[in-house]
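Per-entry structural report
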Amino acid sequence: MTVLAIFLLIIGTLLVLIGTLLVLIGALLIFIGTFVIAIGVALTLMGAALIAVGTSLLIRRLLGRDRTRSHSW
């Protein structure tokens, strides 16, 4: 019985250590995923801003309102 108890104690300890390691790896993956999502959101917003600026500049050029002729004096 003593050998069985020691064996079960060792197996249980190993399972707890493996479980803890898996939880830490999972938390690290969640952190990395959140960071990557934040970078993706920032890049998407910057792309949308660049598209908006480019569109407004293109519309101004197509309507004939260049910067050199914007003042009336």
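Preceding block: the structure.
In what follows, the accompanying structure is described.

Turning our eyes to something else, we now look at the overall build of the chain. Each helix and strand counted, the chain has one helix and zero strands in total. The 73 residues of the chain split such that 0% are buried. Here the chain has roughly 6,800 Å² of accessible surface; of this, 81% comes from carbon and sulfur atoms.

A few words on helix α1 (residues 2-62). Residues lying three or four places apart along an α-helix face the same way, a consequence of the helix completing one turn every 3.6 residues. When the terminal C-alpha atoms of α1 are compared, their 89 Å separation across 61 residues agrees well with the 90 Å that a helix rising 1.5 Å per residue should span. Following α1 by one or two positions, G64 has its phi on the positive side, about 85°.

Conventions adopted
Residues numbered from 1 in each chain as written. Predicted model: local features only at pLDDT ≥ 70, side-chain atom pairs only at ≥ 80, totals over all residues. Heavy atoms only, no water. Helix = DSSP H or I, 4+ residues; strand = E, 2+ residues; numbered from the N terminus. Buried < 20%, exposed > 50% of the residue type's maximum accessible area, 1.4 Å probe, protein only. Areas by Shrake-Rupley, 256 points an atom, 1.4 Å probe, with all protein chains shown as cover. Expected span 1.5 Å × (residues − 1).

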